[in-house]
Amino acid sequence: MTVESENNIITVGEKKLDIVRIASPALRQTIVAMGSYEGGISNWQDKTWKQKRKPCPLLCPG
Amino acid sequence: MTVIIETVSHCNLSCRYCYLGQEKHTMKIPIGLVERVLSEVLRYNDKECPTEFIWHGGEPLLAGLDFFQEICKIQAGAFREYKIENSLQTNGVLLDGEWARFFLNNNFHVGVSLDGPRDIHNGNRVFPTGRGSFDIILDNVLSARRNGLNLGALCVITKASLGRQADIYAFFKDLSLGFDFGAVTTTAPMAITPDEFAEFTIRLFDLWFTDPNPTVTIDPFTMLVTAMLSSRPVPQCIFEGNCVESYIAVVPDGTVFPCDRFAAYPEFALGNLWRDDLETIMNSPVRARLLSRARIPFFECSTCTIRKFCNGGCPHEALVYNGGFFTPGYFCSSYRQFFLYAIERIQRQIDAATVGSSLRACQVLET
């Protein structure tokens, strides 16, 4: 999957999203952040996903 | 691979929900064992793939700054050709400017445990005297940021958090402090039910999703968006299905567990790094049994439309609450309620923004 950003259009896999039509600012920001990742999303599926994955939020013991 | 290291077994707080309970031995992982962990793990792991070390506890800062300086020296010396990432989860009590500069200079990802506004936090996270820790931790968080350290927060949801979503959201937003949250998993009186957790999560999601100026990221929500767009599970261990494949935890005596949540269960020990090499540990029958959880679809999940996002949840939660890990996790129904609610709303907006196509029915849940 690739994500590229140009003229408000972000390509996510086979889908082209016009981000200005996304009403939720939070969702828009999240998708734009995905699109601005280094290397686009040719790297997203594996590398970025692995980098973003996190351990359990409840690892905090004390 | 991600290695969770129980740096020290003790803590300077006595949080009321702590799963370590009152029995806290004062053990610190010896530098010699850390060297052995680094050597075994880095040799075992793919050299091209970063290995993450999560310095955990107890309270890891009790190990002392000189301990971490030594670790960084070792990593930059004998292991300099490997890709290493360091993360650390602290309660923030000792996080002064010197620590902040050290973490900044050595590229540590630092998470601080902060349960939201003062009254909620101080109801949970107290010193052994019973005094709340909020003021000192907030001061240290602000000071760390003045020193240039970018922090994340970890917020534990208890009975006291219920109905306080707006306060919690406003608190982190005012601080511009991105946060992650999860339900307390003890059975203490402050524990919440799956329905309560679902309700809390949905209301918090609504606050974030409809905020005209969302200046704070909330990890489970942004992670769900990335999961939907990348057709991967939500990138958090409890949703991976095969967390056992990529995580191990090492405690100060060298015992290796699949995760530090299992450290209270000697029957889940995979081996000991003083005695065994990592290959022997990774081939342990206990690990093989846990790995099989990801391959055996539970009856409860067989027709579930969100299975591909959560993969049956956390095996430890399943063990604690259901008596065995070949079942979905305790908060299965919470995740199901939340995912169904949030996915529908996210997908509706993605469909509306898709160029060249009119609104389509939600396809995310169908595949």
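As the structure is a computational prediction, the values presented were derived from the model and not from experiment. Each chain carries its own residue numbering, running from 1 in the direction its sequence is written. All chains are assigned letters beginning at A, and all ligands numbers beginning at 1, according to the order in which they are written. A pLDDT threshold of at least 70 governs which residues receive local features in this predicted model, and a stricter bar of 80 or more applies before side-chain atom pairs are shown or counted, although totals over entire chains, interfaces and linings include all residues.

(A) Quick look at the overall build of chain B. Counting its regular elements, chain B contains 15 helices and nine strands. The C-alpha atoms of chain B give a radius of gyration of 21 Å, which matches the 21 Å a tight globule of 367 residues would have. By principal-axis analysis of the C-alpha atoms, chain B measures approximately 60 × 45 × 45 Å. Using C-beta atoms placed from the backbone, we call a residue buried if 20 or more other C-beta atoms fall within 10 Å of its own, exposed if 12 or fewer do, and partly exposed for counts in between. Across the 367 residues that make up chain B, the buried fraction comes to 49%. Considering only intrachain contacts with a sequence separation of at least 6, the fraction spanning at least 24 residues in chain B is 68%. Helix and strand assignments follow DSSP, with helices taken as H or I runs no shorter than four residues and strands as E runs no shorter than two, numbered in order from the N terminus. This radius of gyration counts C-alpha atoms alone. The globule rule is 2.2 Å times how many residues there are, raised to the power 0.38. Placing C-beta atoms from the backbone, we regard two residues as in contact once those atoms come within 7 Å.

(B) Examining the pairing of strand E3 (residues 84–90) of chain B more closely. All names here are of chain B. Two strands pair under a simple rule: DSSP has to find at least two bridges between them. As defined by bridge partners, strand E2 (residues 51–56) adjoins E3 across five bridges and the pair is classed as parallel. Its bridge partner lying in E3, Ile 54 is registered against Ser 87. If you view a crossover with the strands going away from you and the path from the first strand over the helix to the second runs clockwise, you call it right-handed. In this fold, E2 hands off to helix H2 (residues 65–76), which returns the chain to E3; that crossover is right-handed. Pairing geometry for E3 and strand E4 (residues 108–113), over five bridges, is parallel. Residue pairing for E4: Gln 89 is matched across the bridge by Gly 111. Taken together, E3, helix H3 (residues 97–105) and E4 constitute a β-α-β crossover, and its handedness is right-handed.

(C) The confidence of the model for chain A, seen in detail. Residue and element names in this part refer to chain A. The predictor reports its confidence for every residue as pLDDT, a score running from 0 up to 100. Of all residues in chain A, 44% have pLDDT values of 70 or greater, and the mean over the chain is 64. Under a pLDDT of 50 for its full length, residues 38–49 has, in the predicted model, 22 contacts with residues more than four places off or in other chains. Here residues 56–62 is modelled with pLDDT under 50, and outside its nearest four sequence neighbours on either side it reaches 32 contacts, counting other chains as well.

(D) Structural context of the packing of helix H7 (residues 194–210) of chain B against helix H15 (residues 332–353) of chain B. Residues and elements named next belong to chain B. Lines fitted to the C-alpha atoms define the axes, with helices restricted to the stretch that makes contact. Angles between their N-to-C directions range from 0 to 180 degrees. Look at H7 against H15: their axes get within 7 Å of each other, and the N-to-C directions meet at 25°. Classed by the angle they form, the pair H7 and H15 counts as roughly parallel. Relative to H15, the crossing made by H7 is right-handed. From H7, Pro 194, Phe 197, Ala 198, Thr 201, Ile 202, Phe 205 and Phe 209 reach across to H15, where they touch Ser 333, Ser 334, Gln 337, Phe 338, Tyr 341, Ala 342 and Arg 345. Residues are grouped as follows: nonpolar covers Ala, Val, Leu, Ile, Met, Phe, Trp, Tyr, Cys and Pro; charged covers Asp, Glu, Lys and Arg; every other residue, Gly included, is treated as polar. Of the residues that constitute the contact of H7 with H15, the class distribution is nine nonpolar, four polar and one charged. Angular relationships are summarised with four words: roughly parallel below 35 degrees, roughly antiparallel beyond 145, roughly perpendicular across 65 to 115, and oblique for the angles in between. The sense of a crossing depends on the near helix, which, turned anticlockwise from the far helix by less than a right angle, makes the crossing left-handed and, turned clockwise, makes it right-handed.

(E) Main features of the pairing of strand E6 (residues 179–183) of chain B. Residue and element names in this part refer to chain B. Most of E6 is tucked away: five of the five residues are buried. Where burial is concerned, the two faces of E6 agree: the one with Phe 179, Phe 181 and Ala 183 and the one with Asp 180 and Gly 182 are both buried. Note: strand E5 (residues 151–157) against E6, five bridges, orientation parallel. Paired with Ile 157 across the bridge in E6 is Ala 183. You can see the chain leave E5, run along helix H6 (residues 165–175) and come back into E6, and the turn it takes is right-handed.

(F) Structural view of the packing of H6(B) against H7(B). Residue and element names in this part refer to chain B. Interaxial distance between H6 and H7 falls to 9 Å at its minimum, and their mutual angle equals 45°. The orientation of H6 relative to H7 falls into the category oblique. Crossing angle aside, the handedness with which H6 passes H7 is right-handed. Contacts between H6 and H7 pair Gln 165, Ala 166 and Tyr 169 from the former with Phe 200, Arg 203, Leu 204, Leu 207 and Trp 208 from the latter.

(G) A look at helix H14 (residues 315–322) of chain B. All names here are of chain B. Within the span of H14, buried status applies to Pro 315, His 316, Glu 317, Ala 318 and Leu 319. Structurally, H14 contributes buried residues whose contacts are with helix H12 (285–295). One or two steps after H14, the chain reaches Gly 323, where phi turns positive at roughly 85°.

(H) Inspection of H12(B) at higher detail. Residue and element names in this part refer to chain B. Arg 287, Leu 290 and Arg 293 are the residues of H12 that are buried. The buried residues of H12 occupy an angular sector of 100° when projected down its axis, which confines them to one face. Turned more than 90 degrees off the buried face of H12, the exposed positions are Pro 285, Ala 288, Ser 292 and Arg 295. Buried residues belonging to H12 abut helix H10 (243–246), helix H11 (278–282) and H14. Arc definition: it is the arc formed by the directions from the helix axis to the C-beta atoms.

(I) Local environment of unusual backbone geometry. Residues and elements named next belong to chain B. Across the junction of Gly 57 and Gly 58, the peptide omega takes the value 10°, indicating a cis bond. Examined against the element boundaries, Gly 58 turns out to sit in the loop between E2 and H2. Unlike most non-glycine residues, Asn 107 shows phi in positive territory, near 55°. Relative to the helices and strands, Asn 107 is located in the loop between H3 and E4. You can call Asn 107 exposed: it has 10 C-beta atoms within 10 Å. Positive phi values are uncommon outside glycine, yet Ser 176 reaches one of about 50°.

(J) Representation of the nonpolar core within the structure. Residue and element names in this part refer to chain B. Buried Ala, Val, Leu, Ile, Met, Phe, Trp, Tyr and Cys residues form a nonpolar core when they are connected through C-beta atoms within 7 Å. One finds Ile 5, Ala 153, Cys 155, Ile 157, Ala 249 and Val 250 to be the most contacted residues of the largest nonpolar core, which totals 118 residues. For this core, the element with the highest residue contribution is H15, accounting for nine residues. Beyond its immediate sequence surroundings of up to four residues, Ile 157 is in contact with Phe 181, Gly 182, Ala 183, Val 184, Ile 192, Phe 197 and Phe 200.

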